[in-house]
Amino acid sequence: MSWMSLHRRLERNAGLLIFGILLVSAVGGMVQLLPIVAGDSHPQPAEGLAPYSPLELEGRDIYIRESCSTCHTQQIRPLLAEVRRYGPYSRAEEFAYDRPFLWGSKRTGPDLHRVGGRYSDEWHRLHLLDPRSVVPASIMPAYPWFGRNAADGHGSIQARMRALARLGHPYTEQQIAEAPSALQGKTELDAVIAYLQSLGRSMDGKSEP
Amino acid sequence: MTHYEDRVVTAFTYCSVLWALLGMAAGVYVAAELVWPTIDLGLPALSFGRLRTAHTTLVLFGFGVSALIATAFYSVQRTSHVRLFAPGLAWAVFYAWQGAIVLGAVSILSGWNAGKEYAELEWPFDLAITAAWVAFAVVFFGTIARRKIESIYISNWFYGALIIVVAMLHIVNSLALPVTLGKSYSLFAGAQDAVVQWWYGHNAVGFLLTGGFLGMLYYFLPKQAEQPIWSYRLSIVAFWAFVYTYIWAGPHHLHYHAVPEWLQSLGMVMSLILLAPSWATMINGIMTVSGAAKKLKADPALKFIVLALAFYGLATFEGPMLAIKSVNVFSHFTEWTIGHVHSGALGWNALITFGTYYFIVPRMAGAPLYSARLANIHFWLALAGTVLYVLSMWGAGLSQGVLWLSLDELGEVRFSFNDVMAAMQPYYLLRFLAGLAFLAGAVLMAWNLAMTFAGRRTVLVAPPAVAGAQARA
C-alpha cells in the first residue's frame, strides 16, 4: 500500500512530520479566519456608533478586570424569545470598538447587550454595591470597592486612548487631552455605570427586531 | 550520563499535583459562591469573576500542561531510547512554566486580565509562555532527532501536534498592543476578535485537552495493559483526520451570533465529521485494553485510564451533538456547556492523568504504591464526583434552555430570568458537592503519591540497548 509507505517516511523524519502537522492543521484556520480578518473586511461601525468616552472606557476596562463576561453575555441571538426578553438582536457593526469582544459564553446572569438605559443610575449603584438589596434572589458578587476606588487610579487613561487611536478608534487629540479632567472626582462605580448605560444604544428608536 | 533525565519529570509531576489541588479547590470555592454568594467576604481576589479565571488558568495551564510536559518528557525518552536532549533547557522550561503559573495566578487575582476566555493572562505572561513553549519544543524534538529507534512512536505525533498547534493558536490569539505592564488591547475588534478567540479556544481544547492527552493515552494505555496498540493503521488515519478536522470546528461556539452564516454552518458540519476520528481513537483504545480484562480488575492505575477513555467517548459524542444548531439553540449559554466541559476535563483529562501518575510515580520512586486501597477509594470518589457533576449540569442546562426560550400564547416570554436563576439553586448545591468529592479524591492521591515518594529520590534508569530492525540506521 503506497500511502502506508508514504507514512513510513513521515514517521521516520521529524522535520517532515513537523511540517506535515503544521500544513494540515493550518488549512481550517486559513479558510475560516482569513476572510474574516484580512484587509478591510471588518464590519463598518454602526450608524452613530462612537468610541467609548473616557469614563465609559474606564468602566469597560474594570468590567474586564473583574471578568464580568464570565457570567454575563453581550450577545442577543436572533430568536423570538431573546428579542422579546432583551431587545433587538446583536449586529456585528455594533462591536466595532470592542477590544477585546465581550460576548461571553455563559449566562449565569442575564445578557447585558441592551442594558443601557433600562435601569436608572441609582438602581445600578445599589445593585453593584449590594445586589441582593434590589434583586433578592441574586447570586451576583457585591463590588464594594467600586465605590471606594477613584476612577483611573493608575492614571493611564490617556495612554489607553492613544493605543486605541493607533488601532483605528477615532479619538481626537482634544478628547485625549480632556480625558483626565472627565475622570476627575469620579469613582470606579461611576465608570462602570457609565459603561453599562452606554451598552447597545445604537438600535435606540429603531423598530427592527 | 547515560540514564534518562527523569528528575525533571518528577518536578513537573509534583507541581502538576499541587496545581490540581489548588485549581480544583478554587473551582469548588466558586461553585460554593453560586450557592452562598457572600462567602467572597467582599474581597476582590475572592470575587467570582477573578477566582473563576484563576480556577481555569490553574487547572488548564498549571495542572494540565504540567502533566503533559511531565508525561511527554517521560515517554519521549522511552520511545526514543535516548536521554532528554539539553536537560538544562528542560529545567529552564520547568522554572519558567511554574514561575509563569505562580505569578500569572497572582496577577489574575489582582486584576490583570486580557479579557479573552482561557487566554486571560496579560501580555508579559504571553511572551514568557511563548519562550518556555519554544524551549519545550527544542527539548522534545531534539530528543526525537537523536532517537535510537527508527520510527517515531504514535504518542510523539500527538505530543508534537500539541506543541506545534498550540504555539500557532497562542501567538495569533494573543496579538495585542500593550499599554502598560498589566494592560493591552487586542489587535482584533468585535466580531473579528470573536472568530479568532474561538478558533483559539476550541483548539486549545482540541490540541491541548484532546490531542495532548491522546499522546498520554497512546503511551500509557498499552504500557499498563501490556498490550500493543490494536491497530496501527487506524491510529494513522485517526491522527491525521483529527489534526485536519479539529481546527474547523471552532465556529460552533458562535452559533446564532453576529458572525457570518457560512462560518457557523461550516463549523457545525466539521464538528459532526470530527466524531469519526475521535471515536476511531476511542475504539483503538478499547480494543487495545480488551485483552487485559484480568489486569483491569486488579490495577487501580489501569482502571483510571479505562474510565477516562469512556468519558472521552462520551464527551466527544456530546460535543458534535451540541454543535448542531438546533440543539445548540437550547444548550448555548447554559450550564450544559459547563457540564460538557467537565465531563471532558474531570472524566477524561484528570482521570487519565491520575491513572498515569499511579503508574509512573512508583516507577520513578522505585517503590510500590503506598496504598492500593486509597487509590481505589480515589477511583470511586472521582467517578461519583464526575457523574454527579455532569448530571447536575445537564439538569440545570436543560431547564435553562427550555425555560428561557418558552413563549406563551401571546408570544411573550413565559418565565422571568430571575425565576429561572432561582430554580438553579438545587443543581448548584449538587455540583458543589460533586466538586468536593472529586477534590477529596485528588487529596487522597496527593497523599498516596507523596507517601510513595517519601524519603526517596528519582530512580535513574539507563536506556536499553537497541538492536535489530527497530534500530535507527
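In this report, we go over the structure that sits alongside the text. Being a predicted model, the structure only gives us computed values, none of them experimental.

The secondary structure content of chain A amounts to nine helices and zero strands. Its helices and strands taken in sequence order, chain A reads α-α-α-α-α-α-α-α-α from the N to the C terminus. Since a compact globule built from 209 residues should have a radius of gyration of about 17 Å, the 23 Å found for chain A marks it as more spread out than a globular shape. Overall, chain A is about 75 × 45 × 35 Å in size when its C-alpha atoms are taken along their principal axes. In chain A, once contacts between residues fewer than 6 apart in sequence are set aside, the share between residues at least 24 apart is 73%. As displayed, chain A offers around 9200 Å² of accessible surface, 56% of which is attributable to carbon and sulfur atoms.

Now for the overall build of chain B. A count of helices and strands for chain B gives 16 helices and two strands. Compactness check: chain B gives a C-alpha radius of gyration of 22 Å against a globular reference of 23 Å for 473 residues, within 12% of the reference. In terms of its C-alpha atoms, chain B occupies a principal-axis envelope of roughly 80 × 50 × 45 Å. By sequence separation, contacts in chain B at least 24 residues apart represent 83% of the contacts at least 6 residues apart. For chain B, the computed accessible surface area is about 16200 Å², with 73% contributed by carbon and sulfur atoms. Charge centroids of chain B, computed over 24 positive and 19 negative side chains, lie 20 Å from each other.

As a further point, take the side chain of B:Thr10. Residues and elements named next belong to chain B. Following the sequence through the fold, Thr10 ends up in helix α1 (residues 7-33). What makes Thr10 buried here is its relative accessible area of 7%. A distance of 2.8 Å separates a polar atom in the side chain of Thr10 from a polar atom in the side chain of Thr458.

Residue and element names in this part refer to chain B. Summarising the sheet, strand β1 (residues 176-180) and strand β2 (residues 183-186) pair through four bridges and their orientation is antiparallel. Residue pairing across strands places Leu177 opposite Tyr185, the latter belonging to β2. Counted along the chain from β1 to the antiparallel partner β2, the turn is two residues long.

Next up on the list: the interface of chain B and chain A. The interface is formed by 96 residues belonging to chain B together with 84 residues belonging to chain A. Taking both sides of the interface into account, the surface hidden between chain B and chain A amounts to around 7700 Å²; carbon and sulfur atoms contribute 69%. If you sort the residues of chain B by the area they bury against chain A, B:Tyr185, B:Trp240 and B:Phe333 come out on top, with a joint share of 11%. Counting across the chain B and chain A interface gives four salt bridges. Of the charged contacts, one joins B:Glu412 and A:Arg84 as a salt bridge, the two residues approaching to 3.4 Å between their closest N and O atoms. Across the contact surface, chain B and chain A share 26 residue pairs in polar contact (both at pLDDT 80 or more).

All names here are of chain B. The full count for this structure, using the stated rule, is nine cavities of 30 Å³ or more. Empty space within the second largest cavity amounts to approximately 240 Å³. When contributions to the lining of the second largest cavity are tallied by element, the ones reaching two or more residues are α2 (48-80), α4 (123-145), α5 (154-173) and α6 (190-225). Top contributing element to the lining of the second largest cavity by residue count: α5, with five residues. Among the residues forming the lining of the second largest cavity, the class breakdown is 15 nonpolar, four polar and two charged.

What follows is about the packing of α4(B) against α5(B). Residue and element names in this part refer to chain B. Closest axis-to-axis distance for the α4/α5 pair is 11 Å, and the angle between their directions is 155°. Compared by their axis directions, α4 and α5 come out roughly antiparallel. α4 and α5 meet at a crossing whose hand is left-handed. Taken together, the residues of α5 that come into contact with α4 (itself represented by Asp126, Ile129, Thr130, Trp133, Phe136, Ala137, Phe140, Phe141 and Ile144) are Asn156, Tyr159, Gly160, Leu162, Ile163, Ile164, Val166, Ala167, His170 and Ile171. Partitioning the contact of α4 with α5 into residue classes produces 14 nonpolar, four polar and one charged.

A few words now on the pattern of salt bridges. Summed over all chains, the structure comprises 25 salt bridges over all chains. In this structure, the salt-bridge partner of B:Glu335 is A:Lys106, at a minimum N-O distance of 2.7 Å. Taken together, the residues B:Glu335 in helix α13 (residues 335-365) and A:Lys106 in the loop between α4 (80-86) and α5 (121-129) connect one chain to another. In terms of burial, B:Glu335 and A:Lys106 fall into one category: buried. Notably, a salt bridge pairs B:Arg83 with B:Glu5, separated by 3.1 Å at the nearest N-O pair.

Attention shifts here to the environment of B:Thr245. All names here are of chain B. Mapped onto the elements of the fold, Thr245 is located in helix α7 (residues 232-246). It is 9.9 Å that separates the C-alpha atoms of Thr245 and Gly206, two residues lying 39 residues apart in sequence. Apart from the residues lying within four places of it in its own chain, the contact partners of Thr245 are Met270, Ile273 and Leu274. Within the structure, Thr245 has its side chain in polar contact with the backbone oxygen of Ala241 (distance 2.5 Å).

Bringing the side chain of A:Arg114 into the picture now. Residues and elements named next belong to chain A. With respect to the secondary-structure elements, Arg114 resides in the loop between α4 and α5. In terms of polar contacts, Arg114 uses its side chain to reach the side chain of Glu94, at 2.8 Å. Not counting residues within four places of it along the chain, the set of residues in contact with Arg114 comprises Ile76, Tyr86, Gly87, Pro88, Tyr89, Ser90, Glu94, Leu199, Gly200 and Met203.

A few words now on the packing of aromatic side chains. Residue and element names in this part refer to chain B. Evaluation of the coordinates by the stated rule reveals 44 aromatic pairs over all chains. The interplanar angle of 75° and the centroid separation of 5.8 Å between the aromatic rings of Phe220 and Phe359 together place this pair among those described as edge-to-face. On the criterion of sequence distance, the pair formed by Phe220 in helix α6 and Phe359 in helix α13 is long-range, its members being 139 residues apart. With relative accessibility at 0%, the residue Phe220 sits in the buried group. A ring pair is formed by Phe304 and Phe379, whose centres lie 5.4 Å apart and whose planes are at 85°; its orientation type is edge-to-face. One end of the pair, Phe304, is in helix α11 (residues 300-323); the other, Phe379, is in helix α14 (residues 372-405), with 75 residues separating them in the sequence. By the ring-pair criterion, three or more aromatic residues cluster together here, those being Phe12, Phe73, Trp91, Phe94, Tyr95, Trp97, Trp133, Phe136, Phe140, Phe141 and Tyr159. Across the ring face of Phe379, the terminal group of Lys303 is positioned such that the distance to the ring centre comes to 5.2 Å. In this arrangement the basic side chain of Arg363 is found over the ring face of Phe359, its NZ or CZ atom lying 3.7 Å from the centre.

Take helix α7 (residues 157-166) of chain A next. For α7(A), the full list of buried residues reads A:Ile157, A:Arg160, A:Met161, A:Ala163 and A:Leu164. What you see down the axis of α7(A) is that its buried residues fit within an arc of 160°, all on one side. Taken together, the buried residues of α7(A) touch α3 (54-65) and α8 (173-183) of chain A together with β1 and β2 of chain B. Looking one or two places after α7(A), you find A:Gly168, whose phi comes out positive at around 105°.

Rules used throughout
Residues numbered from 1 in each chain as written. Chains lettered and ligands numbered in written order. Predicted model: local features only at pLDDT ≥ 70, side-chain atom pairs only at ≥ 80, totals over all residues. Heavy atoms only, no water. Helix = DSSP H or I, 4+ residues; strand = E, 2+ residues; numbered from the N terminus. Rg over C-alpha atoms; globule rule 2.2 N^0.38 Å. Contact = heavy atoms within 4.5 Å. Areas by Shrake-Rupley, 256 points an atom, 1.4 Å probe, with all protein chains shown as cover. Lys, Arg positive; Asp, Glu negative; His and termini not counted. Charge placed at Lys NZ, Arg CZ, Asp CG, Glu CD. Buried < 20%, exposed > 50% of the residue type's maximum accessible area, 1.4 Å probe, protein only. Polar contact = N/O pair within 3.5 Å; in protein donor to acceptor, adjacent residues only side chain to side chain. Pairing = 2+ DSSP bridges. Buried area = accessible area lost by both parts, 1.4 Å probe. Salt bridge = Lys/Arg side-chain N within 4 Å of Asp/Glu carboxyl O. 1 Å grid on protein atoms, 1.4 Å probe; cavity = no way out; pocket = protein on both sides within 12 Å on 5 of 7 lines; lining within 4 Å. Points joined across faces, edges and corners; volume = space filled by probe spheres on them. Nonpolar A, V, L, I, M, F, W, Y, C, P; charged D, E, K, R; others polar. Axes fitted to C-alpha atoms, helices over the stretch in contact; angles between N-to-C directions. Parallel < 35°, antiparallel > 145°, perpendicular 65-115°, else oblique. Left-handed = near helix turned anticlockwise from the far one by under 90°. Phe/Tyr/Trp six-rings, centres within 6.5 Å; stacked < 30°, edge-to-face > 60°. Lys NZ or Arg CZ within 6 Å of the ring centre and 35° of its normal. Arc of directions from axis to C-beta.

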